[in-house]
Amino acid sequence: MNLAFRNVWAITVNDGFDVLRHAAVVTEGDRITYVGPDEDLVLPEGKEFRVIDGKDRNLVMPGLVNGHTHLPLGMLRGSADDLPLQRWLDELIFPGEAKHTPETLMTGALLALAELTRYGVTCFNDMYMSVRTNARAVEQSGQRALLTNVQIGVDPHHYDYLRENIETAEEYAGHPRIRIGFGPHAEYTEAHHSLNDSLEAALRFHAPLHIHVSETRKEHEECKARHNGMTPTQYLESIGYFQTKVLMAHCVWIEECDMDIIQKYDATVLHNPCSNMKLASGFAPLPRMLERGLNVALATDSSSSNNNLDLWEEMRAAALIHKANTLDATAVNARQALTLATRGGAEALGFTDTGCLVPGKKADLVMVDITGPSWHPMTDIVHHVVYAGSAHDVVMTVADGEVLYDHGVYTRLDVEKITAEADRLYRDVFA
Ligand SMILES: [Zn+2]
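Residues numbered from 1 in each chain as written. Predicted model: local features only at pLDDT ≥ 70, side-chain atom pairs only at ≥ 80, totals over all residues. Heavy atoms only, no water.

Let us look at the coordination of the zinc ion. Within the protein, His 68 (NE2), His 70 (NE2), His 212 (NE2) and Asp 301 (OD) serve as the donor atoms for the zinc ion, at 2.1 to 2.7 Å. For the zinc ion, the four donor atoms are set out with angles of 83 to 173 degrees between them, so the coordination reads as irregular. Every donor residue of the zinc ion comes from the same chain, spaced as H-x1-H-x141-H-x88-D. One end of the pair, His 70, is in the loop between β6 (64-69) and α1 (85-97); the other, His 212, is in strand β11 (residues 209-213), and 142 residues separate them in sequence. Its relative accessible area of 5% is what places His 212 among the buried residues. (Donors = N, O, S within 2.8 Å, 3.2 Å for Na, K, Ca; no water. Tetrahedral: all angles 85-135°; square planar, octahedral: opposite > 155°, others 65-115°. Helix = DSSP H or I, 4+ residues; strand = E, 2+ residues; numbered from the N terminus. Buried < 20%, exposed > 50% of the residue type's maximum accessible area, 1.4 Å probe, protein only.)

If you want it as structure tokens, here you go:
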């Protein structure tokens with residue numbers, strides 16, 4: 001269905017970061033075809049459009065991009081909180097994950113996708129066991145995604161996961177919305193051979209690698225002790241990782257020498273401010289990364305370490321915590337935070353045809369109800385998005401030109417069934 005949003009506010013996140021009032025945004029098929037003054041819009045004849053009158057009380061902006069998730073890990077949401085990362089992983093998450101069944105993986109993925117849809121996320125990057133299940137779930141939910149099977153070299157199922165990842169990459173080659181990468185978990189959970197296996201597979205498919213890097217100080221320092229003083233990033237460089245695009249989750253403890261490598265190879269940092277706070281991992285040097293012009297995407301991490309997939313909260317956290325951490329109120333501003341969550345994140349993940357409202361780009365966008373008191377007085381709408389707005393103000397989510405969520409109604413997902421199944425499966429399998 002072609003869509004014409006009329007008389008709306010529009011935050012374009014184009015090169016000039018134009019913000020328009022009394023604007024129109026038009027999509028035809030999977031592309032944006034018009035962004036400009038409503039009064040200048042002439043809809044092409046002979047084509048049908050669903051016309052949505054924004055009444056000057058709705059905002060259209062690019063769909064949000066979530067740079068790092070583990071969809072089905074949400075099945076353990078709330079079951080492992082207020083613990084440091086290593087105990088969280090070893091005592092609760094790894095044993096909990098070992099109980100997953102095909103059914104819990106699919107329901108967990110759909111639950112997460114319903115949440116992403118509700119909060120206006122149209123594109124994301126995931127790593128989890130059973131990439132095939134996640135791909136099937138994303139086929140149902142309608143988003144754009146880069147998916148990887150997690151590889152854990154010390155896990156006896158390593159080769160099963162790798163085989164599934166390779167088969168899924170073959171199956172989804174050329175898919176319009178779903179791309180498959182490879183996901184070695186982290187330097188500290190891998191063996192040299194398994195890191196190499198992932199690299200070889202990624203090179204074969206010209207696919208990116210998605211890996212956790214320097215999330216905790218312990219991990220960063222232990223890597224140096226293990227590898228003659230090399231940081232995780234230096235170690236990955238030494239084994240040839242940067243021959244392909246590397247998407248590096250967290251990078252809380254990276255050093256200037258690591259940023260040199262990230263910059264040299266055009267790698268990407270996936271910044272998860274809320275997860276890093278919840279697991280007490282620390283504050284990633286985001287202001288320095290932005291100053292150096294590194295590729296950065298904003299992300300939630302899983303809803304076991306957050307505990308939601310709300311990228312609006314991440315924008316706000318990214319704009320706030322680095323001010324406090326550096327005692328500099330200019331450290332990360334609202335426009336930078338919104339860029340990280342949209343165009344910047346999309347480009348950093350390699351989705352160069354989405355993330356902004358520009359004719360010719362993919363029709364991935366959200367409409368936001370701005371009638372609530374927190375949106376007024378209307379001083380600076382970008383500031384309101386980051387500092388005052390809420391994911392619950394999203395009223396429409398559109399991905400690839402298709403409406404996925406419309407004023408409380410999911411068009412593709414049966415959210416009541418999914419949440420009931422999640423409750424039942426948690427009781428039966430994990431509790
Ligand atoms: Zn993660």
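Before going further, it helps to examine the nonpolar core. If you look at the biggest cluster of nonpolar residues, it comprises 108 residues, and the most contacted ones within it are Ile 11, Leu 59, Tyr 241, Trp 312, Met 315 and Val 385. When residues in this core are grouped by element, the largest group, eight residues, is from helix α2 (residues 102-118). When residues are assigned to domains, this core turns out to be shared by domain 1 (2-62 + 356-410) and domain 2 (64-349), each giving three or more. Not counting residues within four places of it along the chain, the set of residues in contact with Ile 11 comprises Phe 17, Asp 18, Val 19, Leu 59, Val 60, Met 61, Pro 62, Leu 338, Leu 357, Ile 381, Val 382 and Val 385. Listed in part, the 18 residues of the second largest apolar core include Leu 3, Ala 10, Val 35 and Val 403. (Core = buried A, V, L, I, M, F, W, Y, C linked by side-chain atoms within 4.5 Å. Domains from an automatic or database assignment. Contact = heavy atoms within 4.5 Å.)

Our focus in this paragraph is helix α11 (residues 311-326). Over its 16 residues, α11 runs 23 Å from end to end, which matches the ideal 22 Å to within 8%, given 1.5 Å per residue. Remark: the principal bend of α11, roughly 25 degrees, maps to Ala 317. Looking only at α11, the buried set comprises Leu 311, Trp 312, Glu 314, Met 315, Ala 317, Ala 318, Ala 319, Ile 321, His 322 and Lys 323. The N-terminus of α11 is capped by Asp 310, whose side-chain oxygen sits 2.8 Å from the backbone nitrogen of Trp 312. Where α11 ends, the next residue or the one after it, Leu 327, has phi of about 55 degrees, a positive value. (Expected span 1.5 Å × (residues − 1). Bend = angle between axes of the 7 residues up to and from the residue. Polar contact = N/O pair within 3.5 Å; in protein donor to acceptor, adjacent residues only side chain to side chain.)

Time to look at the side chain of His 210. Mapped onto the elements, His 210 comes out in strand β11. Accessibility expressed as a relative area gives 0% for His 210, which makes it buried. Among the polar contacts listed, one links the side chain of His 210 to the side chain of Asn 125, at a separation of 3.4 Å. Setting aside its immediate chain neighbours within four residues, His 210 contacts His 68, Asn 125, Asp 126, Met 127, Thr 148, Phe 182, Gly 183, Pro 184, Leu 247 and Leu 270.

Here we come to the sheet that holds strand β13 (residues 268-271). Taken together, four strands build an open sheet; the order of strands is β11-β12-β13-β14 and the sheet is parallel. Single-partner strands in this sheet number two, and they are β11 and β14 (295-298). Strand-to-strand twist of the sheet, defined as the mean angle between neighbouring strand axes without regard to direction, takes the value 30 degrees. Across three bridges, the pairing between strand β12 (residues 246-250) and β13 is parallel. (Pairing = 2+ DSSP bridges. Axes fitted to C-alpha atoms, helices over the stretch in contact; angles between N-to-C directions.)

Turning our eyes to something else, we now look at the layout of surface pockets. It is a probe the size of a water molecule, rolled over the atoms, that shows where empty space is left. The volume enclosed by the largest pocket comes to roughly 450 Å³. Around the largest pocket, the lining comprises 27 residues; the ones closest to its centre are Phe 94, Glu 97, Met 129, Ile 152 and His 185. If you tally residues by element for the lining of the largest pocket, the top one is α1, at six residues. Within the lining of the largest pocket, the residues separate by chemical class into 16 nonpolar, seven polar and four charged. Considering only enclosed or pocket space, the second largest pocket measures out at about 220 Å³ in volume. As for the second largest pocket, its lining consists of Gly 74, Met 75, Arg 77, Leu 111, Ala 114, Glu 115, Tyr 410, Val 415, Thr 419, Ala 422, Asp 423 and Tyr 426. Listed by contribution, the elements that provide at least two residues to the lining of the second largest pocket are α2 and α15 (415-430). (1 Å grid on protein atoms, 1.4 Å probe; cavity = no way out; pocket = protein on both sides within 12 Å on 5 of 7 lines; lining within 4 Å. Points joined across faces, edges and corners; volume = space filled by probe spheres on them. Nonpolar A, V, L, I, M, F, W, Y, C, P; charged D, E, K, R; others polar.)

With that settled, the discussion passes to the domain arrangement of the chain. By a widespread convention, an interface's size corresponds to the accessible area lost as its parts come together. Along its sequence, the chain is carved into domain 1 (2-62 + 356-410) and domain 2 (64-349). Once you take the C-alpha centre of each, domain 1 and domain 2 turn out to be 29 Å apart. On the domain 2 side, the residues contacting the 32 residues of domain 1 number 29 residues. Both faces considered, domain 1 and domain 2 share a buried interface measuring about 2600 Å² in area, 62% of it formed by carbon and sulfur atoms. The largest contributions to the domain 1 side of the interface with domain 2 come from Val 386, Tyr 387 and Ala 391, which together make up 24% of the buried area. Across the contact surface, domain 1 and domain 2 share four salt bridges. Asp 400 is paired through a salt bridge with Arg 144; the nearest N and O atoms lie 2.8 Å apart. The interface formed by domain 1 and domain 2 includes 12 residue pairs in polar contact (both at pLDDT 80 or more). Residue contributions to the side of domain 1 that touches domain 2 peak at five residues, all from helix α14 (residues 381-387). Here the residues of the side of domain 1 that touches domain 2 are counted per class, giving 21 nonpolar, six polar and five charged. (Buried area = accessible area lost by both parts, 1.4 Å probe. Salt bridge = Lys/Arg side-chain N within 4 Å of Asp/Glu carboxyl O.)

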